[in-house]
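# Structural description and commentary
Single-letter residue listing:
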Amino acid sequence: EGGQTRFGLLPPQNGERSNNDNNIALTVQPKAGDAVLFFPADKDGNFDERLEHEGCAALDTKWIARIWRHYERVPPPFGLTNSALSKL
């Protein structure tokens, strides 16, 4: 238990009930070696509010990786420099 990812506006699979606040919501239990991958927008890039989520407190180590995709290039200091991009 612990470390779940909870999508409050998505229904659970197989009629399961979330342990959080007695709400019915899709809750993904972490499993070593697995990952949760989702896209918080539709094909036109519009935010999909159903994918608002929360990370529940972990009882052990929990690894998180975020990948952001931007429509246009993000300039430094937050994006890569031309020099760094040329090395890719």
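Source: prediction; values computed, not measured. Positions within a chain are numbered from 1, following the residues in the order the chain's sequence is written. Given that this is a predicted model, residues contribute local features only at a pLDDT of at least 70 and side-chain atom pairs are listed and counted only at 80 or more, while totals for whole chains, interfaces and linings are drawn from all residues. Side-chain numbers here rest on the full set of heavy atoms in the structure, without hydrogens or water.

Below, the discussion takes up the sheet that holds strand β2 (residues 26–28). Within a sheet, neighbouring strands are paired by backbone hydrogen bonds and run either parallel or antiparallel to one another. Strand order in the open sheet formed by 3 strands is β2-β1-β3, with antiparallel pairing between adjacent strands. The sheet is open, and its two edges are formed by β2 and β3 (54–55), each paired on a single side. When DSSP finds at least two bridges between two strands, those strands are taken to pair. Helix and strand assignments come from DSSP, with helices taken as H or I runs of at least 4 residues and strands as E runs of at least 2, each series counted from the N terminus. For strand β1 (residues 5–7) and β3, the ladder comprises 2 bridges, and the chain directions are antiparallel. The partner of T5 across the bridge, within β3, is G55.

Turning our eyes to something else, we now look at the layout of surface pockets. With a 1 Å grid spanning the protein atoms alone, the term cavity applies to any set of points in which a 1.4 Å probe fits but cannot get out, the term pocket to an open set with protein on both sides within 12 Å along at least five of seven lines, and the term lining residue to any residue with an atom within 4 Å of a point. Grid points are joined across faces, edges and corners, and a volume is the space filled by probe spheres set on the points. When its volume is computed, the largest pocket comes out at roughly 1,500 Å³. Classification used: nonpolar for Ala, Val, Leu, Ile, Met, Phe, Trp, Tyr, Cys and Pro, charged for Asp, Glu, Lys and Arg, polar for all others including Gly. Of the residues assigned to the lining of the largest pocket, the class counts are 20 nonpolar, 11 polar and 11 charged.

All right, on to the confidence of the model for the protein chain then. Model confidence for the protein chain is summarised by a mean pLDDT of 83, while 90% of its residues fall at 70 or above. Within a predicted model, pLDDT stands for the predictor's per-residue confidence, ranging from 0 to 100. Ranking the elements of the protein chain by mean pLDDT puts helix α1 (residues 82–86) last, at 85, and β1 first, at 92.

Examined against the element boundaries, Q4 turns out to sit in the segment before β1. Definition of a polar contact: a pair of N or O atoms within 3.5 Å, with one able to donate and the other able to accept a hydrogen when the atoms are protein atoms, and with sequence-neighbouring residues admitted only if both atoms are side-chain atoms. At 3.1 Å, the side chain of Q4 forms a polar contact with the side chain of Q29. For this analysis, residues touch if any pair of their heavy atoms sits within 4.5 Å. Setting aside residues up to four positions removed in sequence, Q4 forms contacts with T27, V28, Q29, P30, E54, G55, C56 and K62.

Put simply, a salt bridge is a Lys or Arg side-chain nitrogen that is within 4 Å of an Asp or Glu carboxyl oxygen. Scanning the model with the defined rule gives 2 salt bridges in all. The partner of R6 in a salt bridge is E54, with the nearest N and O atoms 3.0 Å apart. Here R6 is found in strand β1, whereas its partner E54 is found in strand β3, with 48 residues between them in sequence. Given a relative accessible area of 9%, R6 falls into the buried group. Given a relative accessible area of 37%, E54 falls into the partly exposed group. A salt bridge links D48 to R50, with the shortest nitrogen-to-oxygen separation between them at 2.5 Å. Burial classes: relative accessible area under 20% of the type maximum marks a residue as buried, over 50% as exposed, and values in between as partly exposed (1.4 Å probe, protein chains only). Its relative accessible area of 15% is what places D48 among the buried residues.

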